[in-house]
Structure formats: C-alpha cells, structure tokens
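Okay, here's what each chain looks like letter by letter:
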Amino acid sequence: MALVNEHFLKLPNNYLFADIAKKVNAFKVTHPKADVISLGIGDVTQPLCPAVIEAMHKAVDEMGTAEGFRGYGPELGYEFLREAILKNDFLPRGIHLDIDEIFINDGAKSDTGNIQELIRWDNSIGVTDPIYPVYIDSNVMIGRAGVLNDGRWSNVIYMPCTAENGFIPSIPEDCHVDVIYLCYPNNPTGTVISKQELRRWVNYALKNDTLIFYDAAYQAYITDPDIPRSIYEIRGARKCAIEFHSYSKTAGFTGVRCGYTIVPKDLTAATLDGKRIPLNPLWNRRQSTKFNGTNYISQRAAEAIYTPDGRQQVQQTIDYYMQNAHQMLDTLRRLGYECYGGENAPYIWMRTPDTSSSWQFFEQLLYGANVVCTPGVGFGPSGEGYVRFTAFGSHEHTEEALDRIEKWSK
Ligand SMILES: *Cc1c(COP(=O)(O)O)cnc(C)c1O
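None of the values given here were measured: they were computed from a predicted structure. Every chain begins its residue count from 1, and numbering advances along the sequence as written. In keeping with the model being predicted, local features are shown solely for residues with a pLDDT of at least 70 and side-chain atom pairs are shown and tallied solely at 80 or more, while totals for entire chains, interfaces and linings include all residues. Note: side-chain values were computed over all heavy atoms of the structure, leaving out hydrogens and water.

Q: I keep staring at the overall build of the protein and nothing clicks. Help me out?
A: Helix and strand assignments follow DSSP, with helices taken as H or I runs no shorter than four residues and strands as E runs no shorter than two, numbered in order from the N terminus. Within the protein, the secondary structure is distributed over 12 helices and 17 strands. A globule of 410 residues ought to have a C-alpha radius of gyration of about 22 Å, and the protein, at 22 Å, matches this closely. For the C-alpha atoms alone, the extent of the protein along its principal axes is close to 60 × 55 × 55 Å. In this scheme, a residue with accessible area under 20% of its type's maximum is buried, one over 50% is exposed, and one in between is partly exposed, where area comes from a 1.4 Å probe on protein chains only. Across the 410 residues that make up the protein, the buried fraction comes to 54%. The contact definition used throughout considers only heavy atoms, calling two residues in contact when any of these lie within 4.5 Å. Contacts in the protein between residues far apart in sequence, at least 24 positions, make up 73% of those at least 6 positions apart. For the protein, the exposed surface amounts to about 18400 Å²; the carbon and sulfur share of it is 52%. Under the counting rule used here, the positive set is Lys and Arg, the negative set is Asp and Glu, and His together with the chain ends is not counted. Where a charge lies is defined by one atom per residue type, namely NZ (Lys), CZ (Arg), CG (Asp) and CD (Glu). A distance of 2 Å separates the average location of the 39 positive side-chain charges in the protein from that of its 49 negative side-chain charges. C-alpha atoms define the radius of gyration in this analysis, and the globule rule sets the expected value at 2.2 Å times the number of residues to the power 0.38. A 1.4 Å probe and the Shrake-Rupley method give the accessible areas. Residues count as covered only by the protein chains that appear here.

The following block contains the structure:
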C-alpha cells in the first residue's frame, strides 16, 4: 500500500489567488458588462527588453547548429552568467564571492521552497508576518510547520510586521529560532530594511547560531543608497545567510525562468554531536541530484541584462513600474488612505478603512470600483486589515483603476 504524505493534507485547499479568481468570476457572472482591472496578482505585464530578446534569438540559433548545440549544462549554471553576476551584482558593492558560491536557478520560488531540505525536520522556523506563502507551505509539506490553528501554524514563530512597529519585526526574545526567513524589499508590504536594522539581524544570527534565508527578489527596485541590496553588504552575513535572487521582477522573467542562489562557503550548520557541516557542498549535491540546470537560452537571456543596453532597458521598465507605484501612493494618500511601501518596491500595502477586514474591503472595491486588490490576510495573520496593490500594471490600467477608486471613494 502506498501511503500518502499526509502533511500535504494539512495545507488549506484554497490557494489565495484561486480564491480571488473565484470571487472575481462570481462578480463577472452577475455583472457581465463590467470591465474589471486587476491590481492584484504579482505578475509583470511589460514585454522583455530588446537586449534580452536578441540574446534569446541568438541562443536559439546556436542550438540549431552542430557546434552551438548544448545539451545538459552544468547543474550550477554556465560560467558566463555566474561571472556576470559576480562582476555586476556584487563586486561594485565590495562583496567578493567565489564563483562556486553562485547557483543558477530556474526562478527563486523553487529554491526558496527547496532550501529547507538542507536542515533537519525539527528545526524551529521564524517568519516575518505577513509573508510570501512559499516559505511556510514548503515547510508544511515535510511536517516541520506543525498544524494549522486559526490561520497560524503551531511550529512557526511569527514575527508581526505592522504599521505599529514600522514593519520592522522585533527579534524573538523569548524563544530560540533556528532558521529565519527574511524578504526585503518585502512582498507583500513593499517595505524595506535599513543596513542598520539588517545588521541587528545578522548579529543576532551569528550570536544564536541561526540560519537566515534572505529573499532579495525585489532588490532591483531599491533606489535609496542606505538600503542594502544584498545581505552580504553586512559583515558576517557570509557565515549565517543564504540569499535568493530572481530575474522575474528585475527583468520580466516570470515566464522565462531564471535567477540565482548564493550559498557561501563559510556557512555551516551543526550535527547533533556538534560537528560543523558546510552547506555549500550539500546544496551542490542536492542540485546535482534533483536539478539538471536552467536552460541555456534563459541563461543567455539573463546574461544580456548585464550588457550596457540591457542594463539601461531593464532600468527603464523598472522606472515604468515605479512611476505607477508613486502615482498610486499619491492618489491613495490624497484620498485619505493609509499606505506603506511603494518607495523602493513595486507593492503598496494599504490599511483598510473603517476597520473593514481584508476580504470585506476586497469585495467593496471589486463591487464598487471594479478593481481587484489582494487581501492582506492571505499572506498571514498580521496581514488582516490590509490589502496589497501591485505596480506591475500598465500605466493606462493603473490610471483608470485610480480614477475609479477616486470616484468610488467620494
Ligand atoms: C516573485 C517572487 C519571487 C520570485 O519568483 P520566481 O520563481 O523567481 O519567479 C521570489 N520571492 C518573492 C517574495 C516573490 O514575490
């Protein structure tokens, strides 16, 4: 008899975006003429930039020749891309990495979900709350998160991020945390962490032998020089942190699939009898067994982002989205809504007015303005009373949505 992994059965059936789609569809059935604009799902809308398209075409042509054909590539990724990452994303910030510390991935979701395979089942995990659901759900699937009670997993330590604490979680004082997930700039709140604050976390981790999984998927949206783009800007982070990067939000690669993960060679975790085991060779072993590499065409596409044309074009698209973010902030604040994020991140986190719940406000906005947002509570208990708007729409849709919200609010 094949027994199922019953930890999967603990996961709530309904995935947040499926729930939203269901409610939007119900609205469309009863309002067939309404034209609904979504500022909900965190997918990008603008096309890939010309430098990337050119590189992809070239790579496809190579694949059609005997000399240029590539089969299985190196599991860690091609050196041309790993070199470009070292030279462009880290050296200019004074961070020296070894090429073998960079693992090309097929997007950060896989690796942020898979990384927990490196740690024992009984480690305690801490998350900022609200949070990108992958971190917790991947721990649920192997039984590390415990059971769900009232929207909280029994073995997860939640570190609330709300307007009251300026969205900076406080370091857990009353319990030990073995592994902490941090994501900055943050999805869903769009808030950032300063170097000084991040240094407190790194120092905590070093002192308490805590491992940090740091998700930097939105680093390209940072403009403020005091906001770290990588945790390795903080001294000592090489000894306590793994970092995830993605080209999805940087360069519109949500459909192309490419990113990278840094596992420093200085990083170790303990065995029960106190030996220290470096995690870099373990992740290498894991990837070599379970992953056959990101496709060549996507890696050439990613490399093109680092060329002078690529850089400039990618920046243009980021500026385009950030223009949306600034316009959304301006309008929503003018209308009296309490908004956060949207300065160094493509998300706006808005407190719902009149103590409406996240889902109540979601429905009011859908029925009143035909605009879709994401209910904050879908990202964790501390998201209740907030909604998320994304800046990833087109200018036209964003403007139209704001006009409608303005008319509806009055
Ligand atoms: C979008 C996103 C990612 C990246 O996902 P990909 O798999 O690279 O497309 C990672 N982390 C967070 C928090 C995200 O929002």
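Okay, back to it.
Q: Just checking my understanding: could you explain the pattern of salt bridges for this structure?
A: If charged atoms from side chains of opposite charge come close, those side chains can pair. In what follows, salt bridge is the name for a side-chain nitrogen of Lys or Arg lying within 4 Å of a carboxyl oxygen of Asp or Glu. Inspection of every chain in the model, using the stated rule, returns 21 salt bridges. Of the charged contacts, one joins D209 and R276 as a salt bridge, the two residues approaching to 2.7 Å between their closest N and O atoms. One end of the pair, D209, is in the loop between α6 (195-208) and β8 (211-215); the other, R276, is in strand β12 (residues 276-278), and 67 residues separate them in sequence. Taking the shortest distance from any N to any O, the salt bridge between R300 and E303 comes out at 2.8 Å. Of the two residues, R300 and E303 both sit in helix α9 (residues 296-304), three residues apart, roughly one turn of that helix. For R300, a relative accessible area of 19% gives the class buried. Residues participating in the shared-partner salt-bridge network are R82, D98, D100 and K265.

Q: Sorry, what's going on with unusual backbone geometry here?
A: Most of the time, phi is negative for any residue but glycine, and the peptide bond is trans. Cis geometry is found at the peptide bond from D129 to P130, where omega equals 5°. Of the consecutive residues N187 and P188, the connecting peptide bond is found in the cis state with omega at 20°. Tracing the chain through its elements places P188 in the loop between β7 (179-183) and α6. Not every positive phi belongs to a glycine, and D150 is a case in point at roughly 55°. If you trace the backbone, D150 turns up in the loop between β4 (148-149) and β5 (152-153). Positive phi values are uncommon outside glycine, yet D209 reaches one of about 55°. The exposure class assigned to D209 is partly exposed, which follows from its relative accessible area of 43%.

Q: Would you take a moment to explain the pairing of strand β6 (residues 156-160) for this structure?
A: Regular strands show a simple pattern: their side chains alternate between the two faces of the sheet. For β6, the buried fraction is high: four of the five residues fall into the buried class. Strand pairing is defined by DSSP finding a minimum of two bridges between the two strands. The pairing of strand β3 (residues 125-129) with β6 spans five bridges and is classified as parallel. Across the sheet, the residue bridging to D129 is P160, located in β6.

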